[in-house]
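# Reading the structure
If you want the building blocks of each chain, they are given just below.
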Amino acid sequence: FGEYDPAILFSGTTTASGGDGGGSDFNWLFGVDISDGGKFKIASSTALGTSDRFVIDGAGNVGIGTAAPAYPLDISASSTAAFTGVKIHNTAAANIVNSSGIIMTSLTDSIERNASIIASGFSTITDASRISYIDFQTHDSAIGVRMTLKGSNLGIGTTSPWGRLSVTQTGT
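A brief structural summary. (Residues numbered from 1 in each chain as written. Predicted model: local features only at pLDDT ≥ 70, side-chain atom pairs only at ≥ 80, totals over all residues. Heavy atoms only, no water.)

## Focus on the overall build of the chain
- Of the regular secondary structure elements, the chain holds zero helices and twelve strands.
- Listed by position from the N terminus, the elements making up the chain come as β-β-β-β-β-β-β-β-β-β-β-β.
- Put simply, 13% of the contacts in the chain that link residues at least 6 apart link residues at least 24 apart.
- When the accessible surface of the chain is totalled, it reaches about 11,600 Å², and 58% of it is carbon and sulfur. (Helix = DSSP H or I, 4+ residues; strand = E, 2+ residues; numbered from the N terminus. Contact = heavy atoms within 4.5 Å. Areas by Shrake-Rupley, 256 points an atom, 1.4 Å probe, with all protein chains shown as cover.)

Pasting the structure below:
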């Protein structure tokens, strides 16, 4: 049979206003790229290996914006935009806990340890004063906010920074 890439192509064309036939083509292809180690790819073109947008390799690494993911989730962008990154958005109503963020977890001695970066709409249902904070938390035996950013004020050891750098020590 020979070597070929099993793939499915979705193609669409818009019609130009004025009826001159000058529409735009939109092509999306997904399939297995045999020539690149059998990676599963989604490309915004008519050929795998060109304009790849999403890749899963044989090790299970997922790449967005990269054809060679080196990590379980590898996101890469080349952009002149003001911001290039990952957006995590919670669209819940403001009357409930409305936060989003990143939680990093590891399992050590059968105990889950984690750290998180949380952007707070409300940190708790009853604490409306915590709007627009970013909390850096760790969780070993209990969740603890270790650092808080509110506007241009940074608090270490406090969740209510009162100046550009507010440091509070508790305990010994």
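Here the narrative resumes, following the displayed structure.
## Details of the pairing of strand β3 (residues 39-43)
- Only one face of β3 is buried, namely the one carrying Lys39, Lys41 and Ala43, since none of Phe40 and Ile42 on the opposite face is buried.
- Here five bridges tie strand β2 (residues 25-33) to β3, and the two strands are oriented antiparallel to one another. Looking at β3, one finds that Phe30 is bridged to Ile42.
- With antiparallel pairing between neighbouring strands as the criterion, β2 and β3 make up a hairpin whose turn holds five residues, including Gly37 at a positive phi of roughly 70°.
- Sheet topology note: the β3/strand β4 (residues 52-56) ladder contains four bridges and is antiparallel. Counted as the bridge partner of Ile42 is Phe54 from β4. (Buried < 20%, exposed > 50% of the residue type's maximum accessible area, 1.4 Å probe, protein only. Pairing = 2+ DSSP bridges.)

## A word on the sheet that holds strand β1 (residues 7-13)
- Taken together, six strands build an open sheet; the order of strands is β1-β2-β3-β4-β5-β6 and the sheet is mixed. Edge positions in the sheet fall to β1 and β6 (73-75), since each of these pairs with one other strand and no more. Along the sheet, successive strands turn relative to each other by an average axial angle of 10°, direction set aside. (Axes fitted to C-alpha atoms, helices over the stretch in contact; angles between N-to-C directions.)

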